[in-house]
Structure formats: C-alpha cells, structure tokens
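Listed below, chain by chain, are the residues.
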Amino acid sequence: MMNLTPRRSALYIPCLNERAINKARALPADMLLFDLEDSIAPNSKDEARLKIVEELNKGGFGSREQVLRINGKQTPFWHDDLKVLNRCTPDGVLIPKINDGRDVEITSGAVLEHSRNKDLGIWLMIETPGSISNINDIGLQKKTLDNLQGFVIGTNDLVKDSGVIPGENRKYLVPWLMAVVATAKAYGLDVVDGVFNNISDPEGFIEEARSGREMGMSGKSLIHPNQVSPTNQVFSPSEEEIKEAQKIVDAFSTKESEGKGVIVVDGKMVERLHLEMARSVLIKVQSGKQL
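Residues numbered from 1 in each chain as written. Predicted model: local features only at pLDDT ≥ 70, side-chain atom pairs only at ≥ 80, totals over all residues. Heavy atoms only, no water.

Enquirer: What should I look at first to understand the overall build of the protein in this one?
Expert: Assigned secondary structure in the protein consists of 12 helices and 10 strands. Computed over the C-alpha atoms, the radius of gyration of the protein is 20 Å, within 12% of the 19 Å expected from 2.2 N^0.38 for a compact globule of 291 residues. Viewed in the frame of its principal axes, the protein has a C-alpha envelope of about 65 × 45 × 40 Å. Here the protein holds 291 residues, and 49% of them are scored as buried. Across the protein, every contact between residues at least 6 apart in sequence was considered, and the portion connecting residues at least 24 apart equals 71%. (Helix = DSSP H or I, 4+ residues; strand = E, 2+ residues; numbered from the N terminus. Rg over C-alpha atoms; globule rule 2.2 N^0.38 Å. Buried < 20%, exposed > 50% of the residue type's maximum accessible area, 1.4 Å probe, protein only. Contact = heavy atoms within 4.5 Å.)

Enquirer: I keep staring at the pattern of salt bridges and nothing clicks. Help me out?
Expert: Where charged atoms from two side chains of opposite charge come close, those side chains can pair. Under the defined criterion, the tally for this structure stands at 23 salt bridges. Among the salt bridges present, the one from glutamate 65 reaches arginine 7, with a minimum N-O distance of 2.8 Å. Of this pair, glutamate 65 sits in strand E3 (residues 65–69) while arginine 7 sits in the segment before strand E1 (9–14), and the two are 58 residues apart along the sequence. Here the two residues glutamate 65 and arginine 7 agree in accessibility, since each one is buried. Here arginine 8 makes a salt bridge to aspartate 30, at a shortest N to O gap of 2.7 Å. Separated by 22 residues along the polypeptide, arginine 8 in the segment before E1 and aspartate 30 in the loop between helix H1 (18–24) and strand E2 (31–35) bring together distant segments of the chain. Pair check on accessibility: arginine 8 and aspartate 30 agree, each one buried. Through salt bridges with shared partners, a single network forms among Asp35, Glu37, Asp38, Arg69, Lys97, Glu127 and Asp157. (Salt bridge = Lys/Arg side-chain N within 4 Å of Asp/Glu carboxyl O.)

Enquirer: Just checking my understanding: could you explain the packing of aromatic side chains for this structure?
Expert: What describes a pair of aromatic rings is the distance from one ring centre to the other and the angle between the planes of the rings. Taken as a whole and judged by the stated rule, the model has two aromatic pairs. Here phenylalanine 196 and phenylalanine 205 contribute two aromatic rings whose centre-to-centre distance is 6.0 Å and whose plane-to-plane angle is 70 degrees, an arrangement assigned as edge-to-face. Accessibility classification places phenylalanine 196 together with phenylalanine 205 in one group, the buried group. Looking at lysine 45, its charged tip hangs above the ring of phenylalanine 77, at a distance of 5.0 Å from the centre. (Phe/Tyr/Trp six-rings, centres within 6.5 Å; stacked < 30°, edge-to-face > 60°. Lys NZ or Arg CZ within 6 Å of the ring centre and 35° of its normal.)

Enquirer: Hey, could you run me through the pairing of E3 in this one?
Expert: Successive side chains on a regular strand alternate, one facing one side of the sheet and the next facing the other. Summarising burial for E3: five of the five residues are buried, a large majority. Sheet analysis places E2 next to E3, joined by five bridges and oriented parallel. Looking across to E3, one finds that leucine 32 is bridged to glutamine 66. In terms of strand pairing, E3 meets strand E4 (residues 92–95) through three bridges, oriented parallel. Of the residues in E4, the one forming a bridge with valine 67 is glycine 92. Each parallel crossover has a hand, and for E3 linked through helix H3 (residues 78–84) to E4 it is right-handed. (Pairing = 2+ DSSP bridges. Right-handed = clockwise from strand over helix to strand, strands pointing away.)

Enquirer: For this particular structure, what's the right way to read the nonpolar core?
Expert: Generally speaking, soluble globular proteins have nonpolar side chains that are buried together. Among the nonpolar cores identified, the biggest contains 60 residues, and Phe34, Leu68, Val111, Leu124 and Phe151 are the most heavily contacted of them. With near-sequence residues (within four places) excluded, phenylalanine 34 lies in contact with Ile13, Cys15, Ile21, Ile52, Leu56, Phe61, Gln66, Val67, Leu68 and Arg69. Within the second largest apolar cluster, 11 residues are counted, among which are Ala10, Tyr12, Trp123 and Met125. (Core = buried A, V, L, I, M, F, W, Y, C linked by side-chain atoms within 4.5 Å.)

Enquirer: How do you make sense of unusual backbone geometry when you look at a structure like this?
Expert: Glycine aside, a negative phi is what most residues show, and trans is what most peptide bonds show. Of note, asparagine 169 is a non-glycine position whose phi angle comes to about 55 degrees, a positive value. By secondary structure assignment, the location of asparagine 169 is in the loop between helix H7 (155–162) and helix H8 (174–186). Even without a glycine there, the phi angle at arginine 170 is positive, about 55 degrees. Following the sequence through the fold, arginine 170 ends up in the loop between H7 and H8.

Structure (structure tokens):
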C-alpha cells in the first residue's frame, strides 16, 4: 500500500545547535533528522544527548516528524545513544551503517527494546556498498518488522566507501539509487534521497531534487533551511497533476462510470489503478497543507 504521509523534506539538525533546533519549530519541513552522529564530535556526544532529550521533551515541533539519528552499533557511542530513547519520545530513529538484513534485525531490536515509544518508526541509512549489495535482504525485513518506515540514502558515505566518482547528474550512482527505490516500492517503504552538498548552488540543488523525484524518491534529505521550501515544491504535485487527478476522480464518480473498470477521460483510457493513483495525489496534497 502506498504511504500517504508527506516526507518530501528531511532536514538534518545537529543536536547541539540550539539555534537550528529552535528555527526548525517553524520551518515547513516534513521531517526533522536530529543528528547525534556525523555532526557531533566524539567529545561532545554526552552534551548532545542531554540537549536533544531536553528539546524533544520541550516539544513545539507540531506535526513535523521527529527522527533521531543515532551512532552505529560498531561505535563506542551506541549503548549510550540507546539510553536516550527511554528519556524522550521521538517519532522515529535513523540507524546508520546498515549492511544486511541481520544488521537490521539486531539494531532495530535493540532500539525498540530501549524505546519508550513502542510505535517508534525505524529508518535505515543506505550508505555502504554492503547495503547496496544486500538491499533486497534489507527491505525484506519489513515482513517481520512493522515499524520499518523506510530508507535514507547516504550518498556522501556511499561515494567515500565505494570510490565511485558520481559524474554529471550522478550518472554512476543512478543504478544503485534506482535499486534502492525499487526495493522500497516493493516493500511499501519510503526512500529519502541523499544531500546536495553545495549550498551556494540553488539551481544545481533543484536539478538534483527533480531527478530524485523522477526516480521515484519520496523526498530529499537537506543540510540547510533554505532548501526546505524548494524541496517541498519539487516533491509536491504540480497544478497540472492536481487538475488531472481531480478530473479522473470526478469521472469515476459519475453514475455512468459506476462499476466500470475502464473509462475514457479526455480521449484517454483510464483504469481503476489510475483512480487509486489520482486519489493518492489529492490526499498527499491535503496532507502537505496540514503541516
């Protein structure tokens, strides 16, 4: 079943950056990825944990989905990060450095065991060559892990660990990205594209965001507040798409179309699968407006 929760914009926020955290309470981001991992120096991890517990318990983030990225199980910070989950209630946890299905089973089990929120969503970083090689094994875990929500692609780490030079329009990464998208769709998961590093190149950012949407991504992970609104626009249906969807829904609602599997709309054959897609467009538009 297609997920109808808008996850267009996923903004990374360092857990020690109070100014960024406060600003996030008013930003139109669908997801806030509070980071305890890469953006926090090893000697600042304890302080960051205390800070994010305080801020999440304070609240004020509205309907924005609050996801905490913790450090990986192979690090000395793993166990202390898990303890945070019994002191606050984020909507989800983003687990880095997943390599295969067994990693998902072990890490998600530990996360859910420590969590005060038993409906906690599980998100997985897809950022290693192993995760690409084993992506179907990873997606397969959805069959036994109802809490699994989706993937966040870590393109920077993927490039670093693989040695791949992405090339123009990420052409050498596209086969891997499409494999992740296909797996996500097969198991009813969302997939959030990687970050765009050059914050001084808004045109390049828009181009990459559009390519992500065309590949079937649910949204894009972001590193700057200025990227939020453009991302929401790119990953939202256009006026033309909305009009087309409404036209299909209206056409199937007529008495003449009752019980029919196929009808004609503006000279085109339209099936009930198109009706389902049209309804999802309209529902997502409405959900996006409610943030």
